[in-house]
Amino acid sequence: MKKWVGVIILVLSSAVVFSQTTTLTNPVNDTVKAKWGKIKVVDGVKMVSSNDIIENITQSQEYSTLVSVIADAGLTETFKSKGPITVFAPTNKAFEKLPAGELDTLIKPNHKDDLSYLLTYHAIAGRLTAHDIEKKINANNGEATFITIAGSKLTAKIDGNRNIVLIDENGGQSIISKFDIQQSNGILHIVTSVLFPKPKAM
């Protein structure tokens, strides 16, 4: 099992990033509801844009594993914060692709920091739409690099089927299967695989 260090510092520093990029003073007030008051059906469940990320993904069984591991990592309040934050959310099927026993290991208390590092690698500070990602890819010769809240790099490109593909630091790939799901505290994109950063240097 890969070991990661420095996660506590990274998670704490993410709070600073949030405060620097926040544009919403109150993600559930009337102004936000008027601007983002839309409903989008995702995997058969209505996600209301005036709800925060946790409130919406909790509604669907397709994301029960994600909700559970976010709680195990102690990051529920992070993903409920006013942000804004862009989250690449793996489905239950994405987690099922992990090697046997890997998730069971990650959710053990002594691997809480590893799990936090993994989950914050699926988030970027700010509100990043699919169009924003595509625009940056096109402006950078077909490949764009983003810095996640974990502090590690995530690469994006467009494949032959016009899918946005995310590439982690180990070369693993995940397709954005559903995109631009507005949340009161950011935006949600659904991905087909779990992404892994490189272990932090000692």
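Details of the structure are given in the entry above.
As the structure is a prediction and not an experimental result, all values here were calculated from the model.

**A few points about the overall build of the protein chain**
Counting secondary structure elements, the protein chain contains nine helices and nine strands. Among the 202 residues that make up the protein chain, the fraction classed as buried is 48%. A separation threshold of at least 6 residues defines the contact pool for the protein chain, and within that pool the share at least 24 residues apart is 66%. Accessible area for the protein chain stands at about 9800 Å²; split by element, carbon and sulfur atoms hold 53% of it.

**Some thoughts on unusual backbone geometry**
The linkage connecting Gly83 with the following residue, Pro84, adopts the cis geometry, with an omega of 5 degrees. Within the secondary structure, Pro84 is located in the loop between α5 (76–80) and β3 (85–90). Located in the positive-phi region is Arg162, a residue other than glycine, with phi close to 70 degrees. Even without being a glycine, Asp180 presents a positive backbone phi close to 60 degrees. Of note, Asp180 is situated in strand β8 (residues 173–183). Given the relative accessible area of 24%, Asp180 is considered partly exposed.

**Some words on the pairing of strand β1 (residues 39–42)**
Of the pairings in the sheet, the one linking β1 to strand β2 (residues 45–48) comprises four bridges and is antiparallel in character. Along β2, the bridge assignment pairs Lys40 with Met47.

**So, the sheet that holds strand β5 (residues 144–147)**
Within the open sheet, the seven strands sit side by side as β4-β3-β9-β8-β7-β6-β5. Their pairing is mixed. In this open sheet, the two edge strands, each paired with only one partner strand, are β4 (123–125) and β5. Between one strand axis and the next, the sheet turns through 30 degrees on average, direction left out of account. As judged from the six bridges shared by β3 and strand β9 (residues 186–191), these two strands associate in the parallel manner. Looking across to β9, one finds that Ile85 is bridged to Gly186.

**Digging into the pattern of salt bridges**
What the rule picks out here adds up to two salt bridges. Note that Asp52 is salt-bridged to Lys80, the shortest N-O span being 2.8 Å. Within this pair, whereas Asp52 is found in the loop between β2 and α3 (53–57), its partner Lys80 is found in helix α5, the two being separated by 28 residues in sequence. Residue Asp52 is classed as buried on the basis of its relative accessible area, which comes to 7%. With relative accessibility at 27%, the residue Lys80 sits in the partly exposed group. Salt-bridge contacts for Arg162 lead to Glu134; the nearest nitrogen and oxygen are separated by 2.7 Å. With Arg162 in the loop between β6 (153–158) and β7 (164–167) and Glu134 in helix α9 (residues 130–139), this residue pair connects regions lying 28 residues apart in the sequence. Its relative accessible area of 26% is what places Glu134 among the partly exposed residues.

**Here we look at the packing of helix α4 (residues 64–72) against helix α8 (residues 112–120)**
It is at 9 Å that the axes of α4 and α8 come closest, and there the two elements cross at 130 degrees. With respect to their mutual orientation, α4 and α8 come out oblique. Helix-helix and strand crossings are classified by hand; for α4 and α8 the assignment is left-handed. Only Lys112, Leu115 and Leu119 of α8 make contact with α4, whose side of the interface consists of Leu66, Val69, Ile70 and Asp72. A per-class count over the contact of α4 with α8 returns five nonpolar, no polar and two charged.

Cut-offs applied
Residues numbered from 1 in each chain as written. Predicted model: local features only at pLDDT ≥ 70, side-chain atom pairs only at ≥ 80, totals over all residues. Heavy atoms only, no water. Helix = DSSP H or I, 4+ residues; strand = E, 2+ residues; numbered from the N terminus. Buried < 20%, exposed > 50% of the residue type's maximum accessible area, 1.4 Å probe, protein only. Contact = heavy atoms within 4.5 Å. Areas by Shrake-Rupley, 256 points an atom, 1.4 Å probe, with all protein chains shown as cover. Pairing = 2+ DSSP bridges. Axes fitted to C-alpha atoms, helices over the stretch in contact; angles between N-to-C directions. Salt bridge = Lys/Arg side-chain N within 4 Å of Asp/Glu carboxyl O. Parallel < 35°, antiparallel > 145°, perpendicular 65-115°, else oblique. Left-handed = near helix turned anticlockwise from the far one by under 90°. Nonpolar A, V, L, I, M, F, W, Y, C, P; charged D, E, K, R; others polar.

By themselves, these observations are geometric and do not establish any function.
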